[in-house]
Amino acid sequence: IATISSSHILEIEFKIESGTRYRLANELFSDKFEDFIETDAIFMPVQKVDFKVENVYDSLNNVKERLFLDIWTNGSISPEQAIFSGSNLIIDLFKSITEHKINQEKESIKEKTQTKPVDPYTHIAIEELQLSVRPYNCLKRAQINTIGDLLDYSPEKLLELKNFGRKSADEVFATLKNKLGIVLK
């Protein structure tokens, strides 16, 4: 926080909150103070979790499984509290499934997505095509960053790009066809 090179008095006042998950500095304090430096915070008391599943045979040779959990925390909560809290979160999630909350949300999402068909290639970066340097640079210069951007261009319109000749166009067309099965029209 500070380096003091001679004997001076340094007074620092801290405001500390507890919480869960990652929170940005502007979400932390309920009261805003002008003379405080706010920092982002990570409230994660569980530092590491390891598990092991072991087969257990009963007297009738039926196989059951035994789960071993090793939980390391930072000391703010015990490993027992961590597993209890995590279990409750999972139980609440499965309760919402049984109450059909998630199914209703999925149906509303399906209705929204049916109105707008989305091409699965729209957000793929052109870097994924692994083009040679010249066509790649020409596309980047023309602000064509994704396959979706590229699909907005006709073959004739691509040939109008500066320094984008027939060889570059043929390479782009062949790569689109071979890698993604797309033919520009």
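Residues numbered from 1 in each chain as written. Predicted model: local features only at pLDDT ≥ 70, side-chain atom pairs only at ≥ 80, totals over all residues. Heavy atoms only, no water.

Okay, the overall build of the protein chain next. Each helix and strand counted, the protein chain has seven helices and four strands in total. Ordering the α and β elements of the protein chain from the N terminus gives β-α-β-β-β-α-α-α-α-α-α. Relative to its full complement of 185 residues, the protein chain shows a buried share of 18%. Sequence-distant contacts in the protein chain: of pairs separated by 6 or more residues, those separated by 24 or more amount to 32%. Put simply, the protein chain shows about 15,100 Å² of open surface, and 54% of that area lies on carbon and sulfur atoms. (Helix = DSSP H or I, 4+ residues; strand = E, 2+ residues; numbered from the N terminus. Buried < 20%, exposed > 50% of the residue type's maximum accessible area, 1.4 Å probe, protein only. Contact = heavy atoms within 4.5 Å. Areas by Shrake-Rupley, 256 points an atom, 1.4 Å probe, with all protein chains shown as cover.)

One non-glycine residue, Q130, adopts positive backbone phi at about 55 degrees. Here Q130 is to be found in the loop between α3 (101-115) and α4 (133-141). Backbone geometry places Q143, a non-glycine residue, at a positive phi of 65 degrees. Of note, Q143 is situated in the loop between α4 and α5 (147-151).

Here we come to the packing of α4 against helix α7 (residues 166-180). When two helices pack together, their arrangement is given by the angle between the helix axes and the distance between those axes. Contact geometry of α4 with α7 gives a least axis separation of 9 Å together with a crossing angle of 90 degrees. The angle between α4 and α7 places the two elements in the roughly perpendicular class. Of α7, the residues touching α4 (which contributes R134, P135 and L139) are S168, E171 and V172. Partitioned by chemical class, the residues of the contact of α4 with α7 number three nonpolar, one polar and two charged. (Axes fitted to C-alpha atoms, helices over the stretch in contact; angles between N-to-C directions. Parallel < 35°, antiparallel > 145°, perpendicular 65-115°, else oblique. Nonpolar A, V, L, I, M, F, W, Y, C, P; charged D, E, K, R; others polar.)

Once that is clear, we can look at a nonpolar patch on the surface. On the surface, a nonpolar cluster with roughly 750 Å² of combined accessible area is contributed by V46, V49, F51, V53, L67, L69, I83 and F84. Of all the elements in the fold, those that place two or more residues in the nonpolar patch are β3 (46-57), β4 (63-73) and α2 (79-98). Top element by residues in the nonpolar patch is β3. It accounts for four residues. Looking at the secondary structure, you find V49 in strand β3. (Patch = residues over 30% accessible without salt bridge, like charges linked within 9 Å, V, L, I, M, F, W, Y side chains within 5 Å. Salt bridge = Lys/Arg side-chain N within 4 Å of Asp/Glu carboxyl O.)

Bridge count between β3 and β4: eleven bridges; the pairing is antiparallel. Paired with Y57 across the bridge in β4 is V63. Hairpin remark: β3 followed by β4, antiparallel, with five residues in the connecting loop; positive phi at N61, about 65 degrees. (Pairing = 2+ DSSP bridges.)

Across the protein chain, the average pLDDT comes to 80, with 80% of residues at 70 or higher. When the elements of the protein chain are averaged for pLDDT, α3 gives the smallest value, 61, and β4 the largest, 92. (pLDDT = per-residue confidence, 0-100.)

The next subject is the pattern of salt bridges. A complete count under the given rule lists three salt bridges for this structure. A salt bridge links E54 to R66, with the nearest nitrogen and oxygen atoms 3.3 Å apart. With E54 in strand β3 and R66 in strand β4, this residue pair connects regions lying twelve residues apart in the sequence. Linking K140 and E127 is a salt bridge whose minimum nitrogen-to-oxygen distance equals 3.1 Å. Note that K140 is positioned in helix α4 and E127 in the loop between α3 and α4, a separation of 13 residues in sequence. The partly exposed category is assigned to K140, whose relative accessible area is 26%. Overall, E127 belongs to the partly exposed group, its relative accessible area being 35%.

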